[in-house]
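Tertiary structure, described
Given next are the chains, with one letter for each unit.
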Amino acid sequence: MSGGWRIARIAGADIRVRPSLLVMGVILVIVFAPQFDSLGAGPNPYLTSIVFVLSLYVSVFLHELAHLGVARWFGMRVPMVELHLLGGETHIEGDSRNPWQELATSVVGPIASFVVGIAALWGAQATEGATRSVLWSVGFINVLIAIFNMLPGLPLDGGRVLRALIWAVTGSESKGVRVAGWIGRLAALGLVGIAISMMFGEDAFAIGRALLLLAVALFLWQGASYALQQGVALARIGSLSASSLMREDAPPAGAVPISVELSGRDLLLAMAENPSDAYALVDDGGFVVGTLFASTVDRAYREAG
Ligand SMILES: [Zn+2]
């Protein structure tokens, strides 16, 4: 399904490296080497730059491990952690998700980056030369990652936090997705504006940094758009209920019984467990109250939203 390489398996999650991570790594080494050179950091600025990029990736991995750890602690399934262009992404699945678990799982990533950043900056104070330059850069960027990730737009962690808060207040996950998704798109447009203004800088590295920022903006836009699409699907699923789609006809002989109280995701899960054309809807007492046709649910899903 996804390109790249599986480098490890931690707590049941495949750790995958996407090709875009390597492309970004090479670009970062090339962009940062002249800056390390101008700082007079070490005999070989490219070696310093490679050590810097590897340290940066380790700190990004720690950010994702924080997401993974808390999600697993809540008993959620985490099939995959991806490391890519913009850092990483922890794919979380689980039926027991609620807004507060979502909030805690999201916020630990930026907290991890902030702690790593402060530790590296503190370490930079105690060292000198190339080590000091690398630690200072890793520290600075991790604090920046922590702040940037707390912007309240999807797919950033801050967007997940906002989605969780709106979900908690309104009870509607899809409403949270819509608001946080659109803020994510606005943040992407804002970054494009900043990148364009940076292109006219006097600094020799201005173009390189502006292009990096444009790549981040593109990635953010795609992530926000994907989240908005998922939000539409969520809203459609949320609008489905067995009782409103029920026919009063008697179910065909041997139809699988499911509860008439089911709705949304639970209804689809119950149907997926026993794929069939028709289901016998039963009340709390186990009495058959009507029939649910799979084709009716299918049509309602497509016509919803
Ligand atoms: Zn994160």
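Residues numbered from 1 in each chain as written. Predicted model: local features only at pLDDT ≥ 70, side-chain atom pairs only at ≥ 80, totals over all residues. Heavy atoms only, no water.

Here's the deal with the sheet that holds strand S6 (residues 278–282)
Our working rule: Here a strand pair is declared whenever DSSP counts at least two bridges between the two strands. By definition, any uninterrupted DSSP run of H or I lasting at least four residues is a helix, any uninterrupted run of E lasting at least two residues is a strand, and each is numbered from the N terminus. Only C-alpha atoms enter the line fits that serve as axes; for helices the fit covers just the stretch in contact. Angles between N-to-C directions range over 0 to 180 degrees. The contact criterion used throughout is that any non-hydrogen atoms of two residues lie within 4.5 Å.
Taking strand neighbours across the sheet as the criterion, the three strands line up as S5-S6-S7 in an open arrangement whose pairing is mixed. Unpaired on one side and paired on the other, strand S5 (256–259) and strand S7 (288–293) mark the two borders of the sheet. Across the sheet, the mean angle separating the axes of adjacent strands is 40 degrees when strand polarity is ignored. With four bridges joining them, S5 and S6 adopt parallel strand pairing. Within S6, the position partnered with Ile-258 by the bridge is Leu-281. Here helix H9 (residues 264–273) sits on the sheet and contacts S5, S6 and S7; the angle it forms with S5, its principal contact strand, is near 165 degrees.

Observations regarding the coordination of the zinc ion
Quick reminder of the rule: Water is absent from the atoms considered, so a metal site may look incomplete; donors are defined as N, O and S atoms within 2.8 Å of the metal, or 3.2 Å for Na, K and Ca. Buried means the residue's accessible area, taken with a 1.4 Å probe over protein chains only, is under 20% of the maximum for its type, while exposed means over 50%, and partly exposed covers the values in between.
Those protein atoms acting as donors to the zinc ion are His-63 (NE2), His-67 (NE2), Asp-157 (OD) and Asp-157 (OD), and they sit at 2.0 to 2.7 Å. Going along the chain, you hit the donors of the zinc ion in the pattern H-x3-H-x89-D. One end of the pair is His-63 and the other is His-67, both in helix H2 (residues 45–73) and four residues apart, which spans about a single turn. Under the relative-accessibility criterion, His-63 is labelled buried at 4%.

Topic: the UniProt feature "transmembrane region" (unreviewed entry) in the protein chain
Selection rule: UniProt positions are given in the numbering used here, feature names are shortened, and annotations may be inferred rather than shown by experiment.
According to UniProt, the positions carrying the feature "transmembrane region" (unreviewed entry) are residues 21–40, 46–70, 103–122, 134–156, 177–200 and 206–228. The distance separating the terminal C-alpha atoms of residues 103–122 is 29 Å; by composition the span is 100% helix and 0% strand.

Quick word on the packing of helix H6 (residues 173–198) against helix H7 (residues 206–238)
Definition in use: With respect to orientation, any angle under 35 degrees is reported as roughly parallel, any angle over 145 as roughly antiparallel, any angle of 65 to 115 as roughly perpendicular, and every other angle as oblique. Two helices that cross are described as forming a left-handed crossing if the nearer one is turned anticlockwise from the farther one by less than a right angle, and a right-handed crossing if clockwise. Here the nonpolar group is Ala, Val, Leu, Ile, Met, Phe, Trp, Tyr, Cys and Pro; Asp, Glu, Lys and Arg are the charged ones; every other residue, Gly included, is treated as polar.
Direction vectors running N to C along H6 and H7 enclose 165 degrees, while the axes themselves pass 8 Å from each other. As far as their axial angle goes, H7 and H6 are roughly antiparallel. The element H6 and its partner H7 pack so that their crossing is left-handed. Of the residues that constitute the contact of H6 with H7, the class distribution is 23 nonpolar, five polar and four charged.

Observations regarding the confidence of the model for the protein chain
We apply this condition: A residue's pLDDT is the predictor's confidence in that residue, given on a scale from 0 to 100.
On average, the protein chain scores 87 in pLDDT, and the residues at 70 or more come to 97%. Within the protein chain, the lowest mean pLDDT, 77, falls on strand S4 (residues 87–93), and the highest, 94, falls on helix H3 (residues 99–125).

Side note on the nonpolar core
Condition: For the purposes of this section, nonpolar cores are sets of buried Ala, Val, Leu, Ile, Met, Phe, Trp, Tyr and Cys residues that join through side-chain atoms within 4.5 Å.
Among the nonpolar cores identified, the biggest contains 27 residues, and Leu-28, Phe-32, Phe-52 and Val-78 are the most heavily contacted of them. Looking at this core, the elements with two or more residues in it are strand S2 (13–17), helix H1 (19–38), H2, strand S3 (77–84) and helix H4 (129–149). Listed in part, the 13 residues of the second largest apolar core include Leu-240, Leu-245, Met-271 and Leu-281.

Describing the pairing of S3
In terms of residue burial, S3 counts as a mostly covered element, since six of its eight residues are buried. As defined by bridge partners, S3 adjoins S4 across six bridges and the pair is classed as antiparallel. Pairing of His-84 across the sheet is with Gly-87, part of S4.

Description of the domain arrangement of the protein chain
Applicable threshold: Note that the domain bounds reflect an automated or database-derived domain assignment. Any carboxyl oxygen of Asp or Glu that lies within 4 Å of a side-chain nitrogen of Lys or Arg is treated as forming a salt bridge with it. For this analysis, a polar contact is any N or O atom pair within 3.5 Å, provided that within protein one partner can donate a hydrogen and the other can accept it, and provided that sequence-adjacent residues contribute only side-chain to side-chain pairs.
Split by domain assignment, the protein chain resolves into domain 1 (5–238) and domain 2 (242–303). Across the boundary between the two partners, domain 1 contributes seven residues, which contact six residues of domain 2. The tally of links from domain 1 across to domain 2 stands at one salt bridge. For Arg-265, the salt bridge identified is with Glu-173, shortest N-O distance 3.5 Å. On the surface where domain 1 and domain 2 come into contact, there are one residue pair in polar contact (both at pLDDT 80 or more). The biggest single contributor to the side of domain 1 that touches domain 2 is H7, with four residues. Partitioned by chemical class, the residues of the side of domain 1 that touches domain 2 number two nonpolar, one polar and four charged.

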